[in-house]
Amino acid sequence: MTKVKKEKVSADGEEAAAAGADGTERSYQELIANVNPIAQPLASKKLSKKLYKCVKKAAKVKNIRRGVKEVQKFINKGEKGIVVLAGDTLPIDVYCHLPVMCEDRNLPYAYIPSKVDLGSSAGSKRPTCVILIKPHQDYQDAYDECLEEVSGLPKPL
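Residues numbered from 1 in each chain as written. Predicted model: local features only at pLDDT ≥ 70, side-chain atom pairs only at ≥ 80, totals over all residues. Heavy atoms only, no water.

**Focus: helix 4 (residues 68-76)**
Of the residues making up helix 4, those classed as buried are V68, V71, F74 and I75. Take helix 4 and look down its axis: the buried residues cluster within an arc of 145°, on one side only. Among the structural elements, strand 1 (64-66), strand 2 (82-86), helix 5 (98-104) and strand 4 (130-133) are those in contact with the buried residues of helix 4. Two residues or fewer past helix 4, G78 is found with a positive phi of approximately 100°. (Buried < 20%, exposed > 50% of the residue type's maximum accessible area, 1.4 Å probe, protein only. Helix = DSSP H or I, 4+ residues; strand = E, 2+ residues; numbered from the N terminus. Arc of directions from axis to C-beta. Contact = heavy atoms within 4.5 Å.)

As structure tokens, then:
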């Protein structure tokens, strides 16, 4: 009896996992539907992919700051880099003060649609709402390209 139940559960679990794997890959338009009203400037689909790649490269050399407390602390200390914020973070109060801090210190920042994707690109299983990418020689080309495009985004009023 026990074996039959385990087999049924595992078969059902495999089906659910297969359905979950198909359902996790959401399109850019679906992700934008869940974005907060304060998520300005929002990165385009192309820029989002570039930022994810830059975060992935920075995470390999351990050159990122992850999470609201850590990013806020190092912005206050004067660290430079690109701030990437997730647009689907709720409640907004968690990180709504960070764009103002970035503008005060002339740090470029951009919102991307998904905190899950941001966390996974940083090499974590947990979603993360804020990442600070610091410059480094290993990925300088990707960093400069992202810096140029993020700086060119229109600032909110």
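**A few points about helix 7 (residues 140-152)**
Given a rise of 1.5 Å per residue, 13 residues ought to cover 18 Å, and the 18 Å separating the end C-alpha atoms of helix 7 matches this to within 8%. By the burial criterion, the buried members of helix 7 are A142, Y143, C146 and V150. Burial along helix 7 is one-sided: seen end-on, the buried residues are contained in an arc of 95°. Exposed residues pointing more than 90 degrees away from the buried face of helix 7 are listed as D141, E148 and G152. Summarising the contacts, the buried residues of helix 7 are in contact with helix 3 (45-60), strand 2, strand 3 (109-112) and strand 4. (Expected span 1.5 Å × (residues − 1).)

**A look at the pattern of salt bridges**
One pass over the structure, following the stated rule, counts four salt bridges. For K50, the salt bridge goes to E149, with nearest N and O atoms at 2.4 Å. On the criterion of sequence distance, the pair formed by K50 in helix 3 and E149 in helix 7 is long-range, its members being 99 residues apart. Since its relative accessible area comes to 28%, E149 is described here as partly exposed. For R65, the salt bridge identified is with E70, shortest N-O distance 3.7 Å. Exposure remark for R65: the relative accessible area of 17% places this residue in the buried category. Taken together, the shared-partner salt bridges in this structure form one network comprising K50, E145 and E149. (Salt bridge = Lys/Arg side-chain N within 4 Å of Asp/Glu carboxyl O.)

Interpretation in functional terms is not warranted from these geometric data alone.
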